[in-house]
Amino acid sequence: MVKDVPCMRLVIDENRCKGCNLCVLVCPYKIFREGKKPNRKGIVVPELDRPERCPNCRLRQLYGRTICGLCQLICPDQAIDWIGEEPYEHMKVAIEY
Amino acid sequence: MNFLEWYRVDRLPSIFCAGCGIGTVINCTLSAVTSMGWRRNDVVFLSGIGCSSRAPGYIRTDSLHTTHGRALAFATGVKLAEPRLNVILFTGDGDLAAIGGNHFIHACRRNIDLTVVCVNNYIYGMTGGQGSPTTPVGARSSTTPYGSTETPFDLSELAMAAGANYVSRWTPYHTKELTAAVKAGLETPGLSFIEVMTQCPTGYGRANRLRDVKEFMEIFRMRSMLKQKADRLLKEGKPVPPDAIVIGEFVRRSRPVMGRRG
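Residues numbered from 1 in each chain as written. Chains lettered and ligands numbered in written order. Predicted model: local features only at pLDDT ≥ 70, side-chain atom pairs only at ≥ 80, totals over all residues.

Draft legend 1. Structural detail: the overall build of chain A. When helices and strands are tallied, chain A shows three helices and four strands. Secondary structure elements of chain A occur, N-terminal to C-terminal, as β-α-β-β-α-α-β. What you see for chain A is a C-alpha radius of gyration of 16 Å, clearly larger than the 13 Å of a compact globule of 97 residues, by over 25%. Counting only C-alpha atoms, chain A reaches 55 × 35 × 20 Å along its principal axes. Buried positions account for 29% of the 97 residues belonging to chain A. Look at the contacts in chain A between residues 6 or more apart in sequence, and 64% of them connect residues 24 or more apart. (Helix = DSSP H or I, 4+ residues; strand = E, 2+ residues; numbered from the N terminus. Rg over C-alpha atoms; globule rule 2.2 N^0.38 Å. Buried ≥ 20, exposed ≤ 12 C-beta atoms within 10 Å, placed from the backbone. Contact = placed C-beta atoms within 7 Å.)

Draft legend 2. Summary view of the nonpolar core. Counting residues in hydrophobic clusters, the biggest one holds 80 residues, and the most contacted among them are Leu89, Val117, Cys118, Phe193 and Val196 of chain B. At seven residues, helix α1 (residues 22-36) of chain B tops the list of elements feeding residues into this core. (Core = buried A, V, L, I, M, F, W, Y, C linked by C-beta atoms within 7 Å.)

Draft legend 3. Local environment of the interface of chain B and chain A. In this assembly, 21 residues from chain B lie in contact with 15 residues from chain A. Among the secondary structure elements, those contributing two or more residues to the side of chain B that touches chain A are α1 and α8 (213-223) of chain B. Residues that form the side of chain B that touches chain A fall into these classes: twelve nonpolar, eight polar and one charged. (Nonpolar A, V, L, I, M, F, W, Y, C, P; charged D, E, K, R; others polar.)

Draft legend 4. Structural detail: helix α6 (residues 175-187) of chain B. Residue and element names in this part refer to chain B. Helix length check: α6 (13 residues) gives 18 Å between terminal C-alpha atoms against 18 Å at 1.5 Å per residue, within 8%. Among the residues of α6, those classed as buried are Thr175, Leu178, Thr179, Ala181, Val182, Gly185 and Leu186. Seen along its axis, α6 keeps its buried residues to an arc of 160°; they face one direction. (Expected span 1.5 Å × (residues − 1). Arc of directions from axis to C-beta.)

Draft legend 5. Looking closely at the packing of helix α4 (residues 101-110) of chain B against helix α5 (residues 155-162) of chain B. Residue and element names in this part refer to chain B. Direction vectors running N to C along α4 and α5 enclose 45°, while the axes themselves pass 8 Å from each other. Classified by the angle between their axes, α4 and α5 sit oblique to one another. For the pair α4 and α5, the crossing hand works out as right-handed. The residues of α5 that touch α4, namely those facing Ile105, Cys108 and Arg109, are Leu158, Ala159 and Ala162. Looking at the contact of α4 with α5, its residues break down into five nonpolar, no polar and one charged. (Axes fitted to C-alpha atoms, helices over the stretch in contact; angles between N-to-C directions. Parallel < 35°, antiparallel > 145°, perpendicular 65-115°, else oblique. Left-handed = near helix turned anticlockwise from the far one by under 90°.)

Draft legend 6. Highlighting helix α2 (residues 71-81) of chain B. Residue and element names in this part refer to chain B. Taken as a whole, α2 has its buried residues at Ala71, Leu72, Phe74, Ala75 and Lys79. All buried residues of α2 project into a common sector of 155° when viewed along the axis, lining one side. Pointing more than 90 degrees away from the buried face of α2 are the exposed residues Leu80 and Ala81. Looking at the packing, one finds that the buried side of α2 touches β1 (43-47), β2 (62-65), β3 (86-92), α3 (93-99), α4 and β4 (114-120).

Laid out in structure tokens, this is it:
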């Protein structure tokens, strides 16, 4: 049985990131990828590759502690954080007879 | 509580260059402080002058940004005036080893109840990459353009010989271990010295073909050697590679402590 826990979402703050790509180096799930396009400030911010694989997003509330957190700890610019997200809702399908 | 709540969000993004390791060191230190369960009024951060010494300006606690090399002298005063406070210092190698060297050995000798986090980036970063007392032999910098010829300082050995109660050395690549080391230093009464060998892609890396942070981190990953392994090699009579960065916990002891009641 799956408990109904609030989900978290991995985000990179584009205002703080300086594009050093240290998160790409340390993430064991290879969620971070080197970006391609410079943003408004001319900084190539890393891309997220299927961030829902991050174990901290799903399990942080369940365990009550940060699970891996390597990217957040090594980020020299404090740009990586998890924000709360509304839990996934099943889509209501109207069945027509 | 997350360590990000200690930051002064209005000051971010920080002034440090892209890929600088000081941000990682602040993260690990604040993470250790958070795990100690201390509130904002229990901690004071001090610093001298240099790149690393800008760190307390980004932390939402009381802090002192003092004169070059004299952070330890100010910290002694803070600790003796109010022993309730937990005093943490951010210093650099130029701050601690060069101009503040005498303050450092005497703080270790007196064994004042402080935690010193030394961000050792091999050079003077803020003033343009001049050679410091910890520049390795053969490394280029602004003042040693043909390679440094002087033997560098080993700050951890200096702290051990001078009498600090807790000494360890890590790199920003080993974030979890660094956090645990800072936490052990905060728990240990007496002077705790945590040396962090930090990457400096702008000042040191530009002159030594390490402009890319990933290459710098690869060096920390490949060349760092645990103290246990270095001891084992020495016991077996094998040489420790000269470019190896010996990391780990060097000493933890209980010499008499100054500045602690009871």
